[in-house]
Amino acid sequence: SGIDGDGVYISGTVGSFTNSGTIKGYTGVDVADSGAGVTLTNSGLIQGTADGTVLGRAIRFGDGNDTLDLLTGARFGGFVDFAGGVNTLNFSSYRGNLVLDYAGSLDASDILPGSNLYVQKASSGADPAQVVIVNDTALQFGSQPVQDLVNGLTDLLANEFDALGDNGVDEQALNYGPSSHYTAAEQAANGVVVAPPPVGGRRVWGSVIGGGSVLDNGDDVRNTYGALVAGTDIELSTGTRVGIVGGYSRSVLNVANGTQTITGDTGFLGAYGKSDLGVVRLDYQLIGGASNNASSRQISTSLGTDTATADYAGWFIAPQVGATVPVLRVANGELSVVGRAGYIGGGFSGYTETGTAYGMTVGAQTVNILDTYAGVQDAMVIGSTGAGDITAKAGLGVFTQTNFDGGTVVPVTVLGINTAGSVAPSGTTYGVVAGFNFDAPFSANASFGAGANGSIRNDGQFAGAAHVKVSGYY
């Protein structure tokens, strides 16, 4: 081994060889298989140093029918010489972005890409033949930051009316139960003041949300986000309040252990409301937003690592309607059945990456997702402050998410050559979600609240969000 010798020399019939570390030499791995054929599996670095200044052959196969299996983490310094025979390149278990320079025999029919996109380019003059491997997971899950943000806002707004003056315990639930947790005598004896909101009173509130999701599907798709949200609402009539909400969110989508990240800055604005009809309470919201997204993708080449970057725009609109039906009332609480249905529509503009010769050109994408939820909710009084009741809600339910754009092909080209295109996941996923929220008044017209929720989906995705808020009437 060393600069004047091969890193690893293989002769005779060895069948297979695996590298998970670093191999360097004049030729990194030199296979003299005498026609027998070798399967070489690589998840590390194999580098051909040639004369010490110019990268040479990372691998030299013999004339047998050889196979090169690539696993995640595989890198090459220099090119792969497939020589003669019927050779196979298998990267179905590889996750990442890689440019493989090669010489020798490699037919397109003997390339096994798995779920990866790729292009094969023939040699031209001094330029070697190449196979460029592209991980398109970030394209398939590009709408995940929008979904996580909308889910966080939905949880916040669904509980927003549990602040001062509306503790979530319907005083006329199915026309039974006490009208207040405290009687007038109890209020006087305990010095508790339960002040209803002024008729037609305006309310303002502010909140901080944080959350995200994790999907370990081989690509380790992780999204995290934080948001600043503010709103104001007013009572239009007895039992009906409507308001407006707006804010800003930053998200980071991380794919394949950091080989690609997408940072999104999103501004959003919407309307929300609630109507108490006695036997049923309706809540509704409509939120729209626009985003600027910055993508950074690492590509392993024979000369090192390139970084491909791109900026692109996005937008979304998300209407939702829900119904809460009280079914059981106890002394200081209420059990209800809850159902909601929501939709997320939108899209992302196409873009071309810069910063490398191996950048992608990606077509425009659409977002078309239906969410449904059904569950139970327990609203309760859990304590009191000098200003009134501390109220809480705990919920447990099931949900479904249907991607109507599943199976849609987004065009992707590399080196001016079309790939097979990125295909959005199809079908319906389902899962279980649980949440808890509370609200505590700290004065006659102001309160503090917080909440959190978490879910698990049948495909293994975990998601969650938490928020804190302050609100007050004026």
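Residues numbered from 1 in each chain as written. Predicted model: local features only at pLDDT ≥ 70, side-chain atom pairs only at ≥ 80, totals over all residues. Heavy atoms only, no water.

**Regarding the overall build of the protein**
Here is the rule we go by: Under the DSSP-based scheme used, a helix requires at least four consecutive residues in state H or I and a strand at least two consecutive residues in state E, with every element numbered from the N terminus. Note on exposure labels: buried denotes an accessible area under 20% of the residue type's maximum, exposed denotes more than 50%, and partly exposed covers the range between, all computed with a 1.4 Å probe on protein chains only. Contact definition: two residues touch when any of their heavy atoms are within 4.5 Å. To be clear on the numbers: accessible area is Shrake-Rupley with a 1.4 Å probe, and residue cover counts the displayed protein chains and nothing else.
For the protein, the helix and strand inventory stands at 3 helices and 33 strands. The proportion of buried residues among the 474 residues of the protein is 50%. The contacts of the protein with a sequence gap of at least 6 include a subset with a gap of at least 24, amounting to 59%. A total accessible area of about 19,300 Å² is found for the protein, and carbon and sulfur atoms account for 58% of it.

**Side note on the pairing of strand β14 (residues 117-121)**
This is how the line gets drawn: Paired strands, in this sense, are two strands between which DSSP finds at least two bridges.
Across the two faces of β14 the burial differs, with Leu117, Val119 and Lys121 buried and Tyr118 and Gln120 not buried at all. In terms of strand pairing, β14 meets strand β15 (residues 129-134) through 5 bridges, oriented antiparallel. By the bridge assignment, glutamine 120 is partnered in β15 with valine 131.

**Some details on unusual backbone geometry**
Of note in the backbone geometry, aspartate 220 takes a positive phi value of approximately 50° without being a glycine. With respect to the helices and strands, the residue aspartate 220 is situated in the loop between β16 (202-215) and β17 (221-237). For leucine 415, which is not glycine, the phi torsion reads 55° and is therefore positive. With respect to the element layout, leucine 415 can be found in the loop between β28 (412-414) and β29 (417-418).

**Notes on helix α2 (residues 144-158)**
Residue pairs three or four apart in sequence face the same way in an α-helix, which turns once every 3.6 residues. Going by this rule: The span expected for a helix works out to 1.5 Å for each residue beyond the first.
Helix length check: α2, at 15 residues, gives a terminal C-alpha distance of 21 Å against a target of 21 Å (1.5 Å per residue), a fit within 8%. Counting buried residues in α2 gives 14 out of 15 residues, a clear majority hidden from the surface.

**Here we look at the packing of aromatic side chains**
Where we set the bar: Stacked, edge-to-face and tilted are the three classes for Phe, Tyr and Trp ring pairs, Trp counted by its six-membered ring, which pair at centre distances within 6.5 Å; planes under 30 degrees apart are stacked, over 60 edge-to-face, the rest tilted.
Inspection of the entire model under this criterion finds 7 aromatic pairs. Measuring from centroid to centroid gives 6.0 Å for tyrosine 312 and phenylalanine 348, while their planes differ by 80°, and the two rings are edge-to-face. Of this pair, tyrosine 312 sits in strand β21 (residues 304-330) while phenylalanine 348 sits in strand β22 (residues 333-348), placing them 36 residues apart in sequence. Among the residues examined, tyrosine 312 registers a relative accessible area of 7% and is labelled buried. A relative accessible area of 9% places phenylalanine 348 in the buried class. Ring centres 4.8 Å apart and planes at 15° place the aromatic pair tyrosine 312 and tyrosine 351 in the stacked group. Of this pair, tyrosine 312 sits in strand β21 while tyrosine 351 sits in strand β23 (residues 351-352), and the two are 39 residues apart along the sequence.

**Thoughts on the sheet that holds strand β9 (residues 75-77)**
What counts, and what does not: The axes used here are C-alpha line fits, helices contributing only the stretch in contact, and every angle between their N-to-C directions lies in the interval 0 to 180 degrees.
On the basis of which strands lie adjacent, the open sheet formed by 3 strands has the order β3-β6-β9 and parallel pairing. At either end of the open sheet lies a strand with only one pairing partner, and these are β3 (22-25) and β9. Strand-to-strand twist of the sheet, defined as the mean angle between neighbouring strand axes without regard to direction, takes the value 10°. Pairing of strand β6 (residues 45-48) with β9 involves 3 bridges; the strand directions are parallel. By the bridge assignment for β9, glutamine 47 is matched with glycine 77.

**Regarding the pairing of β6**
Judged by which residues are buried, β6 turns out to be covered on both faces: Leu45 and Gln47 on one side and Ile46 and Gly48 on the other are all buried. Note: β3 against β6, 4 bridges, orientation parallel. Across the sheet, threonine 22 pairs through a bridge with leucine 45, a residue of β6.

**Some points on the sheet that holds strand β24 (residues 360-362)**
Read across the sheet, 4 strands follow the order β23-β24-β28-β29 without closing on themselves; strand pairing throughout is antiparallel. Either end of the sheet is taken by a strand with one partner, and the two such strands are β23 and β29. As paired elements, β24 and β28 share 3 bridges and run antiparallel to each other. Among the inter-strand pairings, valine 362 is bridged to a residue of β28, identified as valine 412.

**With respect to a nonpolar patch on the surface**
This is how the line gets drawn: Patch definition: residues with relative accessible area over 30% and no salt bridge; like charges joined within 9 Å; nonpolar side chains (Val, Leu, Ile, Met, Phe, Trp, Tyr) joined within 5 Å. Think of a salt bridge as a Lys or Arg side-chain nitrogen and an Asp or Glu carboxyl oxygen that are within 4 Å of each other.
Residues Val325, Val327, Leu328, Val330, Leu335, Val337, Val376, Leu396, Val398, Val432, Ile456 and Phe462 make up a contiguous nonpolar surface patch of about 950 Å² in total accessible area. For the nonpolar patch, the secondary structure elements donating two or more residues are β21, β22 and β26 (388-403). Looking at which element gives the most residues to the nonpolar patch, the answer is β21, with 4 residues. By the secondary structure assignment, leucine 328 is in strand β21. The exposure class of leucine 328 is partly exposed, given its relative accessible area of 46%.

**Looking at the confidence of the model for the protein**
To be explicit about the condition: The score called pLDDT rates the predictor's confidence residue by residue, from a low of 0 to a high of 100.
Of all residues in the protein, 89% have pLDDT values of 70 or greater, and the mean over the chain is 88. Taking the mean pLDDT of every element in the protein, the minimum, 47, falls on helix α3 (residues 184-190) and the maximum, 98, on β23. Within the model, the stretch residues 162-199 combines pLDDT values under 50 with 83 contacts to residues more than four positions away or in other chains.

**A short note on the environment of threonine 261**
The topology assignment puts threonine 261 in strand β19 (residues 260-276). Each C-alpha atom of the pair threonine 261 and valine 221 lies 9.9 Å from the other, and the pair is 40 residues apart in sequence. What threonine 261 contacts, discounting residues up to four positions off in sequence, is Leu253, Asn254, Ala294, Ser295 and Ser296.

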